[in-house]
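Single-letter residue listing:
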Amino acid sequence: MNSSNPIYSILYIDGSVKNLKSFKADFCRDYHIYTATSGRAGMEIMEQKIIQLVITDQRIPDISGIDFLEKILVDFPDCMRMIMTGGGDEEAIIEAFNRGNIYRYVAKPWNQEELKMSIDSAMEVYNLKIQNRDLINSLEDAKRNLERKVMERTREIERQKANITRSLLYASRIQNALMVPAEQLDQILPPYFILNKPKDIVSGDFYWVSREGDRLIMAVADCTGHGVPGAFMSVLGISLLHEIVRNLQELRPGDILNELREQTIRALGQTGKRDEAREGMEMAICAVDFQRRVLQFSGAFRPMYLFRRGELNVIHGDRMPIGIYGEERASFSTSEISFEEKDMIYLFTDGYVDQIGGLDRKTFKTGRFKRLLREICQKPLAEQKSILREEVEIWRAGQEQIDDILILGVELITAWNG
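Residues numbered from 1 in each chain as written. Predicted model: local features only at pLDDT ≥ 70, side-chain atom pairs only at ≥ 80, totals over all residues. Heavy atoms only, no water.

With that settled, consider the pattern of salt bridges. Counted by the stated rule, this structure contains 17 salt bridges. Note that E411 and K342 form a salt bridge whose closest N and O atoms lie 2.9 Å from each other. Here E411 is found in strand β17 (residues 405–411), whereas its partner K342 is found in the loop between β13 (335–338) and β14 (344–348), with 69 residues between them in sequence. If you follow the salt bridges from partner to partner, you end up with R308, R309, E340 and D343 in one network. (Salt bridge = Lys/Arg side-chain N within 4 Å of Asp/Glu carboxyl O. Helix = DSSP H or I, 4+ residues; strand = E, 2+ residues; numbered from the N terminus.)

Once that is clear, we can look at the packing of helix α2 (residues 39–48) against helix α3 (residues 65–75). Their axes nearest at 11 Å, the elements α2 and α3 cross at an angle of 25°. As far as their axial angle goes, α3 and α2 are roughly parallel. With respect to the hand of their crossing, α2 and α3 are arranged in right-handed fashion. Between α2 and α3, the contacting residues are G39, G42, M43 and M46 on the first element and F68, K71 and I72 on the second. The residue makeup of the contact of α2 with α3, split by class, is four nonpolar, two polar and one charged. (Axes fitted to C-alpha atoms, helices over the stretch in contact; angles between N-to-C directions. Parallel < 35°, antiparallel > 145°, perpendicular 65-115°, else oblique. Left-handed = near helix turned anticlockwise from the far one by under 90°. Contact = heavy atoms within 4.5 Å. Nonpolar A, V, L, I, M, F, W, Y, C, P; charged D, E, K, R; others polar.)

A separate point is the environment of S210. Among the structural elements, S210 can be located in strand β7 (residues 205–212). The class of S210 is buried, set by a relative accessible area of 11%. For the pair S210 and L185, spaced 25 residues apart in the sequence, the C-alpha separation amounts to 9.7 Å. With near-sequence residues (within four places) excluded, S210 lies in contact with R215, L216, I217 and V245. For S210, the side chain forms a polar contact with the side chain of E212, separated by 2.6 Å. (Buried < 20%, exposed > 50% of the residue type's maximum accessible area, 1.4 Å probe, protein only. Polar contact = N/O pair within 3.5 Å; in protein donor to acceptor, adjacent residues only side chain to side chain.)

Below, the discussion takes up the side chain of E411. A relative accessible area of 12% means that E411 is categorised as buried. A distance of 2.9 Å separates the side chain of E411 from the side chain of K342, its partner in a polar contact. Once you skip the residues sitting within four places of it in the chain, E411 turns out to touch P190, P191, K342, D343, M344 and L381.

By the criterion of burial, β17 is predominantly enclosed, with seven of the seven residues buried. Neither face of β17 is open: one carries I405, I407, G409 and E411, the other L406, L408 and V410, and all of them are buried. Across six bridges, strand β6 (residues 192–197) lies against β17 in antiparallel orientation. Counted as the bridge partner of I194 is L408 from β17. Note: β14 against β17, five bridges, orientation antiparallel. The residue of β17 that forms the bridge with F348 is I407. (Pairing = 2+ DSSP bridges.)

Here it is as structure tokens:
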């Protein structure tokens, strides 16, 4: 984000005047900074100014930071929220995520460079929320205009249209799940990295993680298109995955994909006609049972790579997507294998291998990708992510990125309990 001009407004609340002066000195060149020593003074500023980000200390004189952030949720839903706390406040941090719907927490004393990066990231999410709201408003206007023109159409068409609209509106409210903070993922996943390089501001690729008892479920998906069309499809996919995992009794990956496909077809009103759009998604989904030390995998046009002591094992998915595909719909298969300590698994979309570059302007290709992963799979995960990012940039050599790129790498720990 370019913050060379003071565009965004930040409210910082802290009972310490010294901290307020330090914060303003650190960031006044990049943002409009407002400060307050109490929740009451902070609320007065919120009511008078347009504030994009609130950062509050947990301990302020007249109200806790968590209570203040929870209080502004209703009246200022677009405002990003961060809480600042000293060491040893783990319970307060968890409560802030649950009640205050915070974007990040900041440890005291803050590191100026790290806090600047967190603020810039929050502003990017804020921009995405505002763009999403404007898009939804545009969809609402289009929906009302369409309803006036199709009054004579059948009830069945109206029902399908309403279902699609409700699905999109529901999905828009959880689009922020696409930007899950690392702090939350750290509590759920074993050692991991995520390389996420959207082609545009928003992405049609998404990752999804859920912990259900002793089972960890991870998915990586590539939706039709990229940018705004892909992002709306990703919202639909995430919302349906939440619903399916909540209601499905048997959480086998193949069963999840079967149900996801059926619900996606219904939500999009797909009939299989030759001239209709074929929106959908490709997906790799893996369930890890740490008690049994078993991996279950299912894929819709996507594989999973497993490296054990540097050797690659490719677990293939089925050659069919999530969405309408031919007249008959076969069930997705589920592969089950045992895993060992320090096994590395990779779930990924096709954007990395399809990137055009090199001297001959060719795609990166699957073979080169496998060789690269074999070379780095036993390195620290942060280093793996860095190498993958650097390699694709070197390959691209200034050429346009042609697709969204998403790679999820996870090191399996047999005693992991989240």
